[in-house]
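# Summary of the model geometry
Residues per chain are reported as follows:
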Amino acid sequence: YVYFIDVDKKNYDGIVLSGGLIEVQFGQVFIFADNVIRSADIDYEKAKKEELEMLSKLMLVKRESFDKENYSALKTDLLVASAKLILLKKLKKIY
């Protein structure tokens, strides 16, 4: 997750990034992301539900049959869902 401060230091916003890469060159940072979600587009209750759903699916896959590809995909989905919640919690503390 990433959060940043607006120039006037009164408006805070944040984004959740998943996939891609970060490149640093000559004092500049370039972010190439596969998925970007703005904090304004995240519903807290829905994100909380997604996180619990991904966690339960992950536990089922791990218990039943260890399918490496399915497990990795679910783990990534869980990390994104968790990042959404973390971002919203951080922004809430800032305001």
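Residues numbered from 1 in each chain as written. Predicted model: local features only at pLDDT ≥ 70, side-chain atom pairs only at ≥ 80, totals over all residues. Heavy atoms only, no water.

### Examining the overall build of the chain
- Within the chain one finds two helices and five strands.
- The helix and strand sequence of the chain, counted from the amino end, reads β-β-β-β-β-α-α.
- Considering only contacts within the chain whose residues lie at least 6 apart along the sequence, 49% involve residues at least 24 apart.
- With the model as given, the accessible surface of the chain reaches about 7,400 Å², and the carbon-plus-sulfur share is 55%. (Helix = DSSP H or I, 4+ residues; strand = E, 2+ residues; numbered from the N terminus. Contact = heavy atoms within 4.5 Å. Areas by Shrake-Rupley, 256 points an atom, 1.4 Å probe, with all protein chains shown as cover.)

### A closer look at the confidence of the model for the chain
- On average, residues of the chain carry a pLDDT of 82, and 86% of them reach 70 or more.
- Of all secondary-structure elements in the chain, the lowest mean pLDDT belongs to strand 1 (residues 2-5), at 68, while strand 3 (residues 21-25) reaches the highest, 90. (pLDDT = per-residue confidence, 0-100.)

### Examining the side chain of Ser18
- Counting through the fold element by element, Ser18 comes out in strand 2 (residues 12-18).
- Overall, Ser18 belongs to the buried group, its relative accessible area being 13%.
- Those residues in contact with Ser18 that lie beyond four places of it in its chain are Ala33, Asp34, Asn35 and Val80. (Buried < 20%, exposed > 50% of the residue type's maximum accessible area, 1.4 Å probe, protein only.)

### Notes on the pairing of strand 3
- Relative to strand 4 (residues 28-32), strand 3 runs antiparallel, the two being bridged by five bridges. If you follow Ile22 over to strand 4, its bridge partner there is Ile31.
- What sits between the antiparallel neighbours strand 3 and strand 4 is a turn of two residues, in which Phe26 has the positive phi angle 50 degrees. (Pairing = 2+ DSSP bridges.)

### Points about unusual backbone geometry
- Positive phi, close to 50 degrees, is recorded for Phe26, a residue that is not glycine.
- Its place among the elements puts Phe26 in the loop between strand 3 and strand 4.
- Overall, the relative accessible area of 84% leaves Phe26 in the exposed class.

### A look at the pattern of salt bridges
- In this structure the tally under the stated criterion is two salt bridges.
- We note a salt bridge from Glu53 to Lys57, for which the minimum N-O separation is 3.4 Å. With Glu53 and Lys57 both in helix 1 (residues 44-64) and four residues apart, the pair spans about one turn of that helix.
- Classification of Glu53 by relative accessible area gives partly exposed; the value is 37%. (Salt bridge = Lys/Arg side-chain N within 4 Å of Asp/Glu carboxyl O.)

### Description of the nonpolar core
- The biggest cluster of nonpolar side chains holds nine residues, and these are Val16, Ile42, Ala47, Val80, Ala83, Leu85, Leu87, Leu88 and Leu91.
- Considering every element that reaches this core, the biggest residue donor is helix 2 (residues 68-94), with six residues. (Core = buried A, V, L, I, M, F, W, Y, C linked by side-chain atoms within 4.5 Å.)

### As for a nonpolar patch on the surface
- On the surface, Ile22, Val24, Val29 and Ile31 cluster together to form a nonpolar patch covering roughly 410 Å² of accessible area.
- With respect to the helices, strands and loops of the structure, Ile31 is situated in strand 4. (Patch = residues over 30% accessible without salt bridge, like charges linked within 9 Å, V, L, I, M, F, W, Y side chains within 5 Å.)

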